[in-house]
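Residue-level structure breakdown
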Amino acid sequence: MLKSEIANKEFIQSSFQDKEFLSIKEIADAIGVTRQTILTWVNIGKIPANKVARTYFISRKDFQRFLDDSKVSVAHF
């Protein structure tokens, strides 16, 4: 595992450890992309999500799995 991958995993675990589900905005902010990009990835099945009314929720575990399986890294603030 690369040093950046370890940092990403630690960042996600520390930032969202108390949350089981994350919003589209939280994920977009964490990886430095737009909300529309996350919605596109959800719509094409790249990130699994649950929709309640008009709001999507993504499980922290699914988000971590997405990061592990992709080249996307967390934007450090």
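The following refers to the structure shown. (Residues numbered from 1 in each chain as written. Predicted model: local features only at pLDDT ≥ 70, side-chain atom pairs only at ≥ 80, totals over all residues. Heavy atoms only, no water.)

**Quick notes on the sheet that holds strand E2 (residues 50–52)**
- Reading across the sheet, the 3 strands line up as E1-E3-E2 and stay open at both edges, with antiparallel pairing between neighbours. Every interior strand has two partners, whereas the edge strands, strand E1 (21–23) and E2, have only one. Averaged over all adjacent pairs, the angle separating strand axes in this sheet is 40 degrees, with direction ignored.
- Examined bridge by bridge, E2 and strand E3 (residues 55–59) share 3 bridges and lie antiparallel to one another. Across the sheet, the residue bridging to lysine 51 is tyrosine 56, located in E3. (Pairing = 2+ DSSP bridges. Helix = DSSP H or I, 4+ residues; strand = E, 2+ residues; numbered from the N terminus. Axes fitted to C-alpha atoms, helices over the stretch in contact; angles between N-to-C directions.)

**Let's talk about the nonpolar core**
- Residues Ile27, Ile31, Ile38, Val42, Ile58, Phe63 and Phe66 are the most contacted members of the largest nonpolar core, which totals 15 residues.
- Only helix H2 (24–31), helix H3 (35–43), E3 and helix H4 (60–69) provide two or more residues apiece to this core.
- When residues in this core are grouped by element, the largest group, 5 residues, is from H2.
- What valine 42 contacts, discounting residues up to four positions off in sequence, is Ile24, Ile47, Ala49, Tyr56 and Ile58. (Core = buried A, V, L, I, M, F, W, Y, C linked by side-chain atoms within 4.5 Å. Buried < 20%, exposed > 50% of the residue type's maximum accessible area, 1.4 Å probe, protein only. Contact = heavy atoms within 4.5 Å.)

**A short note on H2**
- Taken as a whole, H2 has its buried residues at Ile24, Ile27, Ala28, Ala30 and Ile31. Down the axis of H2, the buried side of the element spans an arc of 165 degrees, and every buried residue falls inside it.
- After H2 finishes, the residue glycine 32 shows a positive phi value of roughly 75 degrees. (Arc of directions from axis to C-beta.)

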